Amino acid sequence: MEFSINPVSPDKATANSLLVPVFGDKLSSGLEKLDQATAGALSALLAGGELAAKAGSVLTSHVTLAGRLVRVTLLQWGEQPQAADLRTAAAAGARALLAGKSADADVLLALPKGIDSSEVIAALAQAVVVEQYRFDDFKSNPDPRPALTHVNFAVARKSDVALAEAGLARGEAVGRGMNLTRQLGNLPANVCTPTYLAEEALRLGKQQGLKVQVLDQPELEKLGMGSFLAVAKGSVEPPKLIVLEYRNGKKGAKPVVLVGKGITFDSGGISLKPGEGMDEMKYDMCGAATVLGTMQAAAQLALPINLVGVIATCENMPAGNANKPGDIIKSMAGLSIEVLNTDAEGRLILCDALTYAARFEPETVIDIATLTGACIIALGHVATGLYANDETLADELLQAADHTGDKAWRLPLWDDYQEQLKSNFADLANIGGRPAGSVTAACFLARFTKDYRWAHLDIAGTAWKSGAAKGATGRPVPLLVEFLSGRARQGSAKKTK
C-alpha cells in the first residue's frame, strides 16, 4: 500500500474512488465546489437521510465528476467527534475503500475547524494498513487481494501539508508494526520457532539499523538462567534470548527496555493443557512479536529515544526430561522457585529476562506477555491488564491507552497477594492458586523488578481473537508506540526550555 499527500481542491480529485468525510448532517464547507462539480449529487445523497448520524456509518454510491463516473463513499465522523469516533470512522472508511474495485482513491480532507487533520490522517492510514492485511500464506487458492494499492490524502491548504505528513508517518508506522506483530502471531508453531524469531530480529535489525544479539543455550547457561532453561529443556527447539538495541536518543541517556514473552508453542508441559483450543497456543509468543512490531515502528518514525528489546523465546513441551511439578529451579537472580504447575511457564522465562534487563541500566522496563487466562476472566478481550510499581509510569501508559483506544486497565500489585506465592521448600512458588491469578503472576514478576521502574502488560485477552475472526490483533503496539512517542515529546520539550 502506498500513500501520498497533495494540497489540492476536492473538486480536482482524479481518482476513481473518493472518500468524503461528513460531520453531522451536512457537507463540510470546503466541499461546495465538489458538490457543484457533481451537479449537487453529494448534497442530494446526504439529504436522502440514508447516512446514519452514528460515527462510522457509510453510504456508497456513484456520481458523475468531470464527465466520468466515480465511486463516492460518504463517511460519517459525528458532529463533534471524540477520539473514539475518529477510530471508529477510520476503520469503517478503510473497509469501504478496500471494498472498491479501483486501484487508487482520493480521501478528500475538507475538515471543519477544531478537527486535527494529523489525527484524522493517522487514524485513516493506520486503519487502511491494518484492514488490508491478509494471512493467506498457506492457502492454495487465497481470496483475491483488495484492488486498492494507493491512497492520496487531498488536503485543502498547503499550510496543512507538514501536519498531514506527520500524521501519515505515524499512522503508517503503527499499522505496519501491528501487521508485523500479527504476521508472527498467526504463523504456525512449526514455522515460527525460537530460531525463526531470532532470524526475524536479525532481518529487522538489518532493515532498520538496529544492533541485534542472539544468545544461545551455552550463553544462557553461563548467565545462570536456570528458570528460563527449565522451561525450554522439554523441547527439541533450542531457546534463544534476543536483544535488539535502537539508539537514537541522547548519548548516555538511559533506555526504555521492552521485554517480550516468546513461547512459540505452549502445550502446558507436563501440566498438559486440554486438547480443545490448543492450536491457538501458537500465539503465546505475541509479547515477543509486540516487541518486534513496536521497535520497527519506533525506528520508522526515527523517535529520538534509546530503546532496547529483550525477547526470551522457547517452546513449553512435555518430554522425559521436561520440567515437572514439584521441581525446584534457580533463577538468574538467585531466587529458588518451586514449580507447582508447568503451565505457568511464562513467568519462569520472564523473570530471567527481567533480571537480564537490569544490565542496561534502564530508565523504565515494560514487559509484554500473554501471561494468564485469569486476566481474560477479569477483563475479557477488551482491555489489557496493567500492573506497575511506579505511579507516573502507570499514568503514562493509561494516557497512551486512552489516546489510541488500545485500552488498558490497572490492577493491584499489593504485597498482600505475595502471601499466595509462599513455598515450604523454595523462596517462592510459581503459582498462587486460583484466586487473583493474574495479580499473583504479576506479583511473581515484581520480585525480580525491584531495582527499576517497571510495568507489566498482560495481553492474554487482547493479543488474539478466537472464533470466526481467529487471529492475532497487533495489540498493544499502538499503546506502546504512543507511550514512546510521548517520551520523545518530553525529551524535545526539555531541550527547548
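Scroll up for the structure.
Anyway, here's the lowdown on the structure attached to this text. (Residues numbered from 1 in each chain as written. Predicted model: local features only at pLDDT ≥ 70, side-chain atom pairs only at ≥ 80, totals over all residues. Heavy atoms only, no water.)

A few points about the nonpolar core
Heads up, the condition is: By nonpolar core we mean a set of buried residues, namely Ala, Val, Leu, Ile, Met, Phe, Trp, Tyr and Cys, connected to one another through side-chain atoms within 4.5 Å. Using a 1.4 Å probe on the protein chains alone, a residue whose accessible area is under 20% of its type maximum counts as buried, one over 50% counts as exposed, and one in between counts as partly exposed. Counting from the N terminus, the helices are the DSSP runs of H or I reaching at least four residues and the strands are the DSSP runs of E reaching at least two. We call two residues in contact when some of their heavy atoms are within 4.5 Å.
Membership of the largest hydrophobic core comes to 54 residues, with the highest contact counts inside it found for L244, L292, L307 and I366. Among the elements that make up this core, the one with the highest residue count is helix α9 (residues 286–300) (eight residues). If we skip the residues at most four places from it in the chain, L244 touches A201, L204, L210, K211, V212, L292, M295, L307, V308, G309 and I311.

Structural notes on the environment of A127
With respect to the secondary-structure elements, A127 resides in helix α4 (residues 117–131). Sequence separation between A127 and L479 is 352 residues; the distance between their C-alpha atoms is 15 Å. Those residues in contact with A127 that lie beyond four places of it in its chain are A90, A91 and A94.

So, the sheet that holds strand β4 (residues 68–76)
Which entries qualify depends on this criterion: Pairing between two strands requires that DSSP report at least two bridges joining them. Convention adopted: a line fitted to C-alpha atoms gives each axis, helices being fitted over their contacting stretch, and angles between N-to-C directions are expressed from 0 to 180 degrees.
Read from one edge to the other, the open sheet built from six strands follows the order β1-β6-β5-β2-β4-β3, with strand pairing classed as mixed. Where the open sheet ends on each side, the last strands, each with one partner, are β1 (2–7) and β3 (58–65). Ignoring which end each strand starts from, the neighbouring axes of this sheet average 25 degrees apart. Note that strand β5 (residues 104–109) and strand β6 (residues 150–155) share six bridges and pair parallel. Across the sheet, V107 pairs through a bridge with F153, a residue of β6. Most of the contacts of helix α3 (residues 83–99) go to β4, to which it runs at about 160 degrees, and overall it touches β2 (17–22), β3, β4 and β5. Running over the sheet, α4 touches β1, β2, β5 and β6 and is turned about 170 degrees from β6.

A few points about the state of the cysteines
Let me state the cut-off plainly: By convention in this document, the label disulfide applies to cysteine sulfur atom pairs within 2.5 Å.
Per the stated rule, a full pass over the model turns up zero disulfides. No disulfide involves C443; its sulfur sits 13 Å from that of C375, the nearest cysteine.

Observations concerning the side chain of R487
Tracing the backbone shows R487 in helix α14 (residues 477–496). Ignoring any residue separated from it by four or fewer positions in sequence, one finds R487 in contact with V256, I305, E363, T364, L393, E396 and R453.

Some remarks on unusual backbone geometry
The peptide bond linking R475 to P476 adopts the cis configuration, its omega dihedral lying at 5 degrees. Mapped onto the elements, P476 comes out in the loop between β19 (471–472) and α14. In this model, A302 sits at a positive phi of 50 degrees, which is unusual for a non-glycine residue. As for its position among the elements, A302 is in the loop between α9 and β10 (306–316).

Here we look at the environment of A41
Looking at the element boundaries, A41 is found in helix α2 (residues 41–47). Between the C-alpha atoms of A41 and V63, which are 22 residues apart in sequence, the distance is 6.6 Å. Other than its neighbours up to four places away in sequence, A41 contacts D35 and V63.

As for helix α13 (residues 437–446)
Within α13, ten of the ten residues are buried, which leaves the element mostly enclosed by the surrounding structure. Among the residues of α13, G437, S438, V439, T440, A441, A442, C443, F444, L445 and A446 are the ones counted as buried.

A word on the side chain of E200
On the secondary structure map, E200 appears in helix α6 (residues 194–208). Those residues in contact with E200, other than ones at most four positions away along the chain, are L180, L184 and L292.

Description of the layout of surface pockets
Worth spelling out the cut-off: Put simply, the grid is 1 Å and covers the protein atoms alone, a cavity is a trapped set of points that fit a 1.4 Å probe, a pocket is an open set with protein on both sides within 12 Å along at least five of seven lines, and lining residues have an atom within 4 Å of a point. Grid points are joined across faces, edges and corners, and a volume is the space filled by probe spheres set on the points. Side-chain classes are defined by residue name, with Ala, Val, Leu, Ile, Met, Phe, Trp, Tyr, Cys and Pro counting as nonpolar, Asp, Glu, Lys and Arg as charged, and the others, Gly among them, as polar.
Its boundaries defined by the atoms lining it, the largest pocket holds a volume of some 1,400 Å³. Contributing to the lining of the largest pocket are 47 residues, with Q126, V130, M178, T473 and R475 lying nearest its centre. Those elements that provide at least two residues to the lining of the largest pocket are α3, α4, α5 (161–186), α12 (391–404), β18 (464–465), β19 and α14. If one sorts the elements of the lining of the largest pocket by residue count, α3 sits on top with eight residues. Among the residues forming the lining of the largest pocket, the class breakdown is 20 nonpolar, 14 polar and 13 charged. There is about 1,000 Å³ of room inside the second largest pocket. For the lining of the second largest pocket, the elements supplying multiple residues, two or more each, are β9 (256–266), α10 (346–357), α11 (373–379) and α13. In terms of residues, the lining of the second largest pocket owes the most to one element, α11, which gives five residues. Taken together, the residues of the lining of the second largest pocket break down into 16 nonpolar, eleven polar and nine charged.

A short note on the pattern of salt bridges
Filter applied, for reference: Each reported salt bridge corresponds to a side-chain nitrogen of Lys or Arg within 4 Å of a carboxyl oxygen of Asp or Glu.
Counting across every chain of the model gives 23 salt bridges. In this structure, R145 and D136 form a salt bridge, with 2.7 Å as the shortest nitrogen-oxygen distance. We classify D136 as buried; its relative accessible area is 15%. One salt bridge in this structure joins R176 and E172, with 2.8 Å as the shortest N-O distance. Of the two residues, R176 and E172 are both situated in helix α5; the distance of four residues between them amounts to about one turn of the helix. Look at R176 and you get partly exposed, because its relative accessible area is 26%. Through salt bridges with shared partners, a single network forms among E363, D390, E396, R453 and R487.

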